[in-house]
Amino acid sequence: MISNRERIALKVAQDIKDGEFVNFGHGIPYSVPPLIDKSKKVFFQNEPGVVCFGTYAPAEKGVYEMLDASNSYVCELPQGAFMSTSASFAMIRGGHVSKTVLGALQVDSHANIANWKTPGKPASGIGGAMDLCAGCPQVLVAMESTAKDGTPKMVETCTYPLTAAGRVTMVYTELGVFTVNPTEGFTLIERFPDYTVEEIIAKVAAPVKVSPDLKVIDLGIPLD
Amino acid sequence: MSKITTFEKAIDHIQSGMTVMLGGFFLSGSPFGLVKELTRRKGKLENLTLISNDMASEMGYPQAYGNALIDTGMIKKCICTVMTHNKVALKRVADGLMESEMLPMGTFAERIRIGGAGIGGFLTPTGVGTPIAEGKPIINVDGVDYILEKPLKADVSLVYGSMADENGNVYITGTARNFNIAMATAGKFTVAEVLKIVKPGEIDPSMVTIPAPFIDAIVLANEEDYKL
C-alpha cells in the first residue's frame, strides 16, 4: 500500500508536463522529481542558483560546491547552469520559473497560503517560499488534507501567518486535486477512487465546488 | 600588491559593534576557516550583527562551526532567511539573547545586491499581505502593490571562493556562488577564503566570478577545515 504522501507525489509527477521549468519546495514536493517519467524533459530550478536537467546526484562526501537548498547534491549536466542567488531570485520573482510546488500548513478559499510560521512560536525559516509564490505563474500546493491531529488544512480563511495572498492556483492532497482562486474558492477537479465526493467535501473546512468534468485519478498502480 | 593575508589578520578587521556578512548556503560556499577564526575571538568581540542566509547552519557537520559561532554570544542580532538547522541560534532567539530579522530569501539576496550596487531601495511584490510587510512602506506602481525594501551593507564581508589570483580575482564553481558574489560587493572590507591561489593571469578573465576590485584580502583555506 502506498502512503498518502507517496500518492500525492506520484500525482504531481504525473501532471508535470514535458518541457516545464519547476521549483520543488521542501516536504512532499521534494520527493517528486525522481518520480517524473523519464520521457519528459523537465528543468529544475533551485534557490541557491542552479538550473539543472535530470535528478539529484549521488552524494559524494566533501563536494560541497554542488548542494541545493535542501543540502542535497545536485547533478551537473551540460544542460544546466549556475548563477548567483540574486540572479536565481530574479528568475523566480520575475516569473521565469513557470511552476512551483510547495508544502503548506494551511491553504484557504482566497488562494492564500501559510507555510512558514505557527502562531505564538518564533519562526525558524522563510526560505524562498514567499518569492516563489509572488513570482511563479503557477503555485501548486502538495500536502496531506489534514494536520497530524486531524485538523483540516484546507480552510475558508487561514489562521496562520500568510506566506502569500491570493497566489495559489492548485492544491494536491490524498483526496484529490483542486483548483483555487480568490473569486471561485476551491473546485474539486479530480478525485482519488477511494474517496467519494461527499467524503472529500466533509474533509475540507471550506466550501468546495465540484467540476462538471470531475475525473477519477488513475496512477497506473494499485493504491492499496 | 598581493592581497594574500592570514586568517588572524583578516579577522582583525572585525571590531565590536560591526556588521558582518557571511557567505554560503548551508554547507555550500561557506568560508569555514574564517568562521572558525571569528569563533576564536570569543570574549574579545561583542554586539556584532551577522547577515547570513542560514546562520552558518552545520547540517550535521560540526566542523562547519556555525553553532559554535552563535554560542560565543558575540552575535547581538542576526539577519537571515532560515535558522531551522542552527539549534543554538533558535534557542538564543527564543531565550531573548539574540535579536532576529527573518526575510524572504529573494528579498535578503536583493537587499545585499543593491547594498553593494549603491542603490537606495527596491520594490518587491514578495511578502505583500504577509507579516513581512508590517512597518514597511507599500508603493503602488501601475496598479500593483510593492514593499519598499532598503539596502543591506556590511563593515566586513566573509566570502568563499574556489580559486583566486593574488590580485583578488575570484572564481567560484557550482552552487557555492550563492550569496558570495553579492556579499563581496556589499562589504566595506571583503575577505575571500579560497581553496586555491594561482598566479595573476591564470584565471581566464571571462571566467572571473568576482572581479578583484571587490576583494580586499585573500586567505588560503586549510584543507582539513573542509573535510566533512
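Residues numbered from 1 in each chain as written. Chains lettered and ligands numbered in written order. Predicted model: local features only at pLDDT ≥ 70, side-chain atom pairs only at ≥ 80, totals over all residues. Heavy atoms only, no water.

Draft legend 1. Expanded view of unusual backbone geometry. A positive phi is found at Asn47(B), a non-glycine position, where the angle reads about 55°. Relative to the helices and strands, Asn47(B) resides in the loop between helix 2 (32-39) and strand 2 (48-52). (Helix = DSSP H or I, 4+ residues; strand = E, 2+ residues; numbered from the N terminus.)

Draft legend 2. Structural context of the sheet that holds strand 7 (residues 144-149) of chain B. Residues and elements named next belong to chain B. Spatially, three strands are ordered 5-7-6 in an open sheet, and the strand pairing comes out antiparallel. Edge strands, defined here as strands with exactly one partner in the open sheet, are strand 5 (122-124) and strand 6 (138-141). When the angles between neighbouring strand axes are averaged without regard to direction, this sheet yields 45°. As paired elements, strand 6 and strand 7 share four bridges and run antiparallel to each other. Looking across to strand 7, one finds that Val141 is bridged to Val144. (Pairing = 2+ DSSP bridges. Axes fitted to C-alpha atoms, helices over the stretch in contact; angles between N-to-C directions.)

Draft legend 3. Expanded view of the sheet that holds strand 8 (residues 154-161) of chain B. Residues and elements named next belong to chain B. Here we have seven strands laid out as an open sheet, ordered 4-3-2-1-8-11-13, and parallel in their pairing. Each of the sheet's edge strands pairs with one partner strand only, and the pair in question is strand 4 (99-102) and strand 13 (217-220). Averaged over all neighbouring strand pairs, the angle between strand axes comes to 20°, with direction disregarded. Pairing between strand 3 (residues 75-80) and strand 4: four bridges, direction parallel. Across the sheet, residue Cys80 finds its bridge partner in strand 4, namely Met102. Packed on one face of the sheet, helix 2 meets strand 1 (19-22), strand 2, strand 8, strand 11 (187-194) and strand 13 and runs near 115° to strand 11. Helix-sheet contacts for helix 5 (residues 105-117) involve strand 1, strand 2, strand 3 and strand 4, and the interaxial angle to strand 2 is about 115°. (Contact = heavy atoms within 4.5 Å.)

Draft legend 4. How the structure looks around the interface of chain B and chain A. Counting from both sides, the interface comprises 46 residues of chain B and, opposite them, 35 residues of chain A. Between chain B and chain A, a total of about 3000 Å² is buried, with carbon and sulfur atoms accounting for 64% of that surface. Along the contact surface separating chain B from chain A lie zero salt bridges. Where chain B touches chain A, the interface holds 12 residue pairs in polar contact (both at pLDDT 80 or more). Sorting the residues of the side of chain B that touches chain A by element identifies helix 4 (87-94), helix 5, strand 5 and helix 6 (180-186) of chain B as the ones contributing at least two each. The greatest single-element share of the side of chain B that touches chain A, amounting to six residues, is contributed by helix 5 of chain B. Classifying every residue of the side of chain B that touches chain A gives 27 nonpolar, 16 polar and three charged. (Buried area = accessible area lost by both parts, 1.4 Å probe. Salt bridge = Lys/Arg side-chain N within 4 Å of Asp/Glu carboxyl O. Polar contact = N/O pair within 3.5 Å; in protein donor to acceptor, adjacent residues only side chain to side chain. Nonpolar A, V, L, I, M, F, W, Y, C, P; charged D, E, K, R; others polar.)

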